[in-house]
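Structural overview
Residue strings, one per chain:
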Amino acid sequence: MASATDSPVIVPDEIEFVHGSSLWTDAWHRLRKNKLALFGLGCVLTITFLCLIGPLVTGYTYEQTDLTLKASPPLDKIIKRTETLKNDEKKVTFYSLTNIEDEFVEKPRDERKRIAAGLARGEEYSEGAFVYQSSNQKHLFGTDALGRDLLTRVLVGGRISLSVGFVATLISVAIGVVWGTTAGFAGGVVDNVMMRIVDVLYALPFTVIVILLMVFCGRNFILLFVAIGAVEWLTMARIVRGQIISLKHQEFVEAAVSLGLSRARIMFRHLIPNVTTVIVIYATLTVPNVMLLEAVLSFLGLGVPPPMSSWGVLISEGASTMETSPWLLWIPAAFFSLTLFSLNFLGDGLSDACNPKSAKD
Amino acid sequence: MPLLEVENLRTYFHTRGGIIRAVDGVSFSLQEGETVGIVGESGSGKSVTCYSMLGLVPQPPGRIESGTARFDGIDLLHCSGEQLRQIRGKRISMIFQDPMTSLNPYLRVSEQIMEPLLVHEKISHRQALLKAIVALEEVGIQDAARRIQLYPHQFSGGMRQRVMIAMALISRPEILIADEPTTALDVTVQAQILELIRQSQQHLGMAVIFITHDLGVVASFCQSVNVMYAGRIVESAPTEELFAMPLHPYNASLQQSIPALHRKGDPLYTIPGAPPDLSHEIKGCPFIQRCAFAKELCQTSEIDLDEPVPGHTTSCQRVLRGELGDLRLKAQAV
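Quick caveat: nothing in here was measured; it's all calculated off a predicted structure.

1. Concerning the overall build of chain B
Counting secondary structure elements, chain B contains 13 helices and 12 strands. Computed over the C-alpha atoms, the radius of gyration of chain B is 21 Å, within 12% of the 20 Å expected from 2.2 N^0.38 for a compact globule of 334 residues. For the C-alpha atoms alone, the extent of chain B along its principal axes is close to 65 × 50 × 40 Å. Across chain B, contacts joining residues at least 24 apart in sequence account for 65% of those joining residues at least 6 apart.

2. Some words on the overall build of chain A
If you tally the helices and strands in chain A, you get 11 helices and 4 strands. Here the C-alpha atoms of chain A give a radius of gyration of 29 Å, more than 25% beyond the 21 Å that 2.2 N^0.38 yields for 361 residues. Along the first, second and third principal axes, the C-alpha set of chain A runs to 105 × 55 × 45 Å. Burial status across chain A gives 37% buried among its 361 residues.

3. As for the interface of chain B and chain A
Interface size is commonly expressed as the accessible area that is lost once the parts come together. Listed as interface residues are 40 residues of chain B and, on the opposing side, 30 residues of chain A. A total of 5 residues in the side of chain B that touches chain A trace back to one element, the largest contributor, which is helix α4 (residues 125-138) of chain B. Partitioned by chemical class, the residues of the side of chain B that touches chain A number 19 nonpolar, 11 polar and 10 charged.

4. Some words on the domain arrangement of chain B
Partitioning chain B into structural domains gives domain 1 (102-172) and domain 2 (243-333). A separation of 43 Å is found between the C-alpha centroids of domain 1 of chain B and domain 2 of chain B.

5. Points about the sheet that holds strand β1 (residues 78-84) of chain A
All names here are of chain A. Pairing is antiparallel across the open sheet formed by 4 strands, whose spatial order is β2-β1-β4-β3. Two strands bound the open sheet, and with one partner strand each, they are β2 (90-96) and β3 (125-127). Averaged over neighbouring strand pairs, the angle between their axes works out to 20 degrees when direction is ignored. As defined by bridge partners, β3 adjoins strand β4 (residues 130-134) across 3 bridges and the pair is classed as antiparallel. If you follow Y125 over to β4, its bridge partner there is Y132. Relative to β3, helix α3 (residues 109-120) is tilted by about 135 degrees, and along the sheet it contacts β1, β3 and β4.

6. Examining the domain arrangement of chain A
Here the domain parsing of chain A yields domain 1 (23-59 + 147-358) and domain 2 (76-134). Its C-alpha centre places domain 1 of chain A at a distance of 50 Å from the equivalent point of domain 2 of chain A.

So, how was this worked out
Residues numbered from 1 in each chain as written. Chains lettered and ligands numbered in written order. Predicted model: local features only at pLDDT ≥ 70, side-chain atom pairs only at ≥ 80, totals over all residues. Helix = DSSP H or I, 4+ residues; strand = E, 2+ residues; numbered from the N terminus. Rg over C-alpha atoms; globule rule 2.2 N^0.38 Å. Contact = placed C-beta atoms within 7 Å. Buried ≥ 20, exposed ≤ 12 C-beta atoms within 10 Å, placed from the backbone. Nonpolar A, V, L, I, M, F, W, Y, C, P; charged D, E, K, R; others polar. Domains from an automatic or database assignment. Pairing = 2+ DSSP bridges. Axes fitted to C-alpha atoms, helices over the stretch in contact; angles between N-to-C directions.

In structure tokens:
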């Protein structure tokens, strides 16, 4: 046997380590084979990217209204009306082709149709001081009842919904993991007291509390994070505690104790890394939950205050004009559902990848 | 003065089913550089004895009811948690039974070997890594420098036990507690690991407490042996004497049941019955139900350890009274 004192092992300065594959690398390899989960991951990343970049390039802001251009359907032709005023100044207003007939209410029905058809073909039409011509302005998803660009609003709303989802989940993970680990690791009275607090919080009617919070503190964006995060950590704490209890009697924890590590070090270096798979899986499934919760609050009128938008707010607005302008409901709802589905697929995929033995096939 | 002196250690578990007297009045001592074996069947309290000294007994349900364990002027059973933490992994290290579960699956081997150094010594990460590589090389893992960044699941059972040993030895402890370190390994690897522990011991001059149920290992490995039964030490002697002249019927029957000592074709000897239920208080000798020599006095008299031969203690009252001669022959006649 080589010994440290009489024949020191020669260690080269630059060692070419064989880097082992961690359980995470293995899980990633398994995840890559799961088409649905990859699709989910791709969708989430794409939508997040669009929401971040999109509002900068659409050319509209989420709050810019144009009352004459209200409720224009997706991809509708936009007609520019130029009015020459008495002092020769020109005044420009925009109308959507669908609503242009309203401009000529006083004309007979046939006449109106003819003018609209002409404009649709790109012809110019002038009448008195007014000149109508098609413009190259575009609203990909149309506009809402106040003439705001829906695409911009959907993307800005996505920022809010996604950030509520992720930030509130992060808050809930942080509280839940620390709480659950402490309770599980300490055990005994501490565990009992901590988990009874969780039980009590579970029993409180959440919606009522949020409504009260909103009433007393005003409709505040930050408050939404806090309110949702404060509720979602309970389940996380329970799950983590259960895992920690089953882990702390494992031999490697005993070995860590026998090496003289402090409790904090054992908690953060040995226990928590072993529950990260569970945390990540559960967190991925919490994000859609939180987003749904945000949507519910928005639907109840407790979401972000106008003119700010979120997917929940947009769906709620769209639902009220469902008969006349259905795209205002379907488009945000499609984005929302796609994100929720994707996150759920991803969560399931992660769970299978991290626990290959429990995978269905 | 002995390096470690355990006196009258009692560790009880307070469970719903009653008080389990897992360790009930154990005393032994360990000299510097000595190897002491603790032998006994499952549940005899071998492991709990050592866990108690390092504060590894979960409390509750466990409780150390009495006793002292003096190590360098510190009573391990009554010192502060922080004091004990400074000793664990630094001056007294432990190797566990199952190397498959004793390493954290999520940490690289390097991180786990470095951990005792980083915790107990002021040392840079780089230096710790170099020391860890040396330690891994010392326990006979070839190409340690390259392999150290692997994860435990990429090592075999024997290699993992070597890693455990490297972890335990890296801070050059004065005492190594080996809790059945070879039980989970196959026979060839067992021999290698034993040899490794023996060499490290000679090299580092540390004392070893070797817990096992394998008498064969004890015979080749330990200088003195404590035989435990039902939470107490029933016999303790230098190894040679323990085998040459058993002074307790339990020890004698244990030796009888080693298969290698039987002629081919002979039925194997087993000790009849099962160990007593530790949740009931045991009056008299705990071995009485299974002992071929039991008499009424075994039930009634106080069972105290005594030293009929210098350096060789037994708790068998009949032996102490001189009523029994060579236990071995008589056992065979049964």
